[in-house]
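Residues per chain are reported as follows:
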Amino acid sequence: MLQIGPHIIHSPLLLAPMAGVADLPFRRLCRGFGAGMAVTEMLTADTSKWGTQKSRLRLPVLDEAEPRVVQIAGAQPHQLAEAAQRSADLGAQIVDINMGCPAKKVCKRAAGSALLREEALVAEILKTVVAAVDIPVTLKIRTGWDLQSRNALTIARLAEDAGIQALTIHGRTRACLFNGEAEYDTIAEVVAGVDIPVIANGDIDSPERAKAVLAHTGAAALMIGRAAQGQPWLFRQINACLNNETPPIPTRREVAELMLEHVTAMHGHYGEGMGVRIARKHVAWYLQKLQIERACRRAFNQLLDAQQQLEFISELLITNNNNQEVAA
Ligand SMILES: Cc1cc2nc3c(=O)[nH]c(=O)nc-3n(C[C@H](O)[C@H](O)[C@H](O)COP(=O)(O)O)c2cc1C
């Protein structure tokens, strides 16, 4: 069982932080389907920007399921420490530091995964942040900068020495971006080399893969990102399989009801204008999983208000309802 500081995480499946995807409505859904923890989208460590609409929407809310985990990204130790303190003041119960993001915008400023090249700076950041807060600090990394410098084990040891309480590793290097397949050998090596809990991440998209990655790496938990898009019930399915139970597969009607709940929550979280725009990508993922033709997704994208979006989903999937199961 995964334990991070005082927090016992009851499911070994965690939702990955995904900017633009793992917002509060999506985190709530995934927690409802059995994700043991759901990390916020990354927040810049520059707290002077936290007043912007983008950042405000990412700040923790107190009625989110515990433990509330806020992820921060930056490169300056004191700035990250201040961001961690502010996060804790706002209700974060765990702070996660992002050293895994390959995005150019983040890397140009030597934040995200670019930091993996600067081991001394990593150590300084981790020590400074851990010393600044009373809540557990966790770290998310890739396996290294590129295939020639896979230094995950070195970083993991630095992290352990600095007091980091759990480490997530995405099984790709920074240079890999999202190409190729994730590899889990490096993760297994880190699990064997440190005593803090290690969370394996990358391409976990089915119960079979989840079982295989747990067995191969010995990780304390798994983190799932893209595979949960359009099918948050994946957490329920994988958890059932890990417990040797038959996974319940939702019917189209259940998915439709879930979509209505999700889309309504997005309208509420972002306000109608932005909510309608953000709902489009999530609905496209659901429709893709339901194998509904592209023309239908395009038609949904033309809709301009909240009511139209909800009616469209109801008509498509509930009025013409069938109780067919969604393909597993
Ligand atoms: C759209 C998107 C946004 C992401 N945003 C973040 C982020 O804010 N912080 C972070 O640490 N990783 C971020 N990631 C990386 C994921 O957390 C995860 O490590 C990666 O997607 C691999 O896991 P997966 O194969 O299960 O998706 C993002 C990934 C995607 C696809």
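Here, every reference points to the structure presented above.
This report concerns the structure included in the present document. (Residues numbered from 1 in each chain as written. Predicted model: local features only at pLDDT ≥ 70, side-chain atom pairs only at ≥ 80, totals over all residues. Heavy atoms only, no water.)

1. Re the overall build of the protein
And then number 1: Secondary structure assignment for the protein yields 13 helices and 11 strands.
And then number 2: For the protein, whose C-alpha radius of gyration is 20 Å, the value lies close to the compact-globule estimate of 20 Å for 328 residues.
And then number 3: Its C-alpha atoms give the protein principal-axis dimensions of roughly 60 × 45 × 35 Å.
And then number 4: For the protein, buried positions account for 58% of its 328 residues.
And then number 5: Across the protein, every contact between residues at least 6 apart in sequence was considered, and the portion connecting residues at least 24 apart equals 68%.
And then number 6: Surface summary for the protein: the accessible area is close to 14,000 Å², and the carbon and sulfur share equals 49%.
And then number 7: If the 34 positive side-chain charges of the protein are averaged to one point and the 34 negative ones to another, these points end up 7 Å apart. (Helix = DSSP H or I, 4+ residues; strand = E, 2+ residues; numbered from the N terminus. Rg over C-alpha atoms; globule rule 2.2 N^0.38 Å. Buried < 20%, exposed > 50% of the residue type's maximum accessible area, 1.4 Å probe, protein only. Contact = heavy atoms within 4.5 Å. Areas by Shrake-Rupley, 256 points an atom, 1.4 Å probe, with all protein chains shown as cover. Lys, Arg positive; Asp, Glu negative; His and termini not counted. Charge placed at Lys NZ, Arg CZ, Asp CG, Glu CD.)

2. Brief notes about the site of the ligand
And then number 1: As a matter of local geometry, the ligand sits amid 16 residues, with Pro17, Gln71, Asn201, Asp203 and Arg226 nearest to it.
And then number 2: Asp203 places a polar main-chain atom, nitrogen or oxygen, 2.7 Å from an oxygen atom of the ligand.
And then number 3: Gly225 places a main-chain nitrogen or oxygen 2.8 Å from an oxygen atom of the ligand.
And then number 4: When the free accessible area of the ligand is taken as 610 Å², the share hidden by the protein chains comes to 88%.
And then number 5: Across the shell around the ligand, the residue classes tally to 7 nonpolar, 6 polar and 3 charged. (Near = heavy atom within 4 Å. Polar contact = N/O pair within 3.5 Å; in protein donor to acceptor, adjacent residues only side chain to side chain. Nonpolar A, V, L, I, M, F, W, Y, C, P; charged D, E, K, R; others polar.)

3. Focus: helix α12 (residues 294-301)
The periodicity of an α-helix, 3.6 residues per turn, causes residues three or four places apart in sequence to face the same way.
And then number 1: Within α12 the residues assigned to the buried category are Cys296, Arg297 and Phe300. Along the axis of α12, the buried positions cluster into a sector of 100 degrees, meaning they face one direction only. Opposite the packed face of α12, turned more than 90 degrees from it, sit the exposed residues Arg294 and Arg298.
And then number 2: Its buried side turned inward, α12 meets α11 (272-289) and α13 (306-319). (Arc of directions from axis to C-beta.)

4. Some details on the environment of Leu316
And then number 1: Looking at the secondary structure, you find Leu316 in helix α13.
And then number 2: Overall, the relative accessible area of 25% leaves Leu316 in the partly exposed class.
And then number 3: Distance in space between the C-alpha atoms of Leu316 and Ala256 is 8.6 Å, their sequence separation being 60 residues.
And then number 4: If sequence neighbours within four positions are ignored, Leu316 has contacts with Leu287, Ile292 and Cys296.

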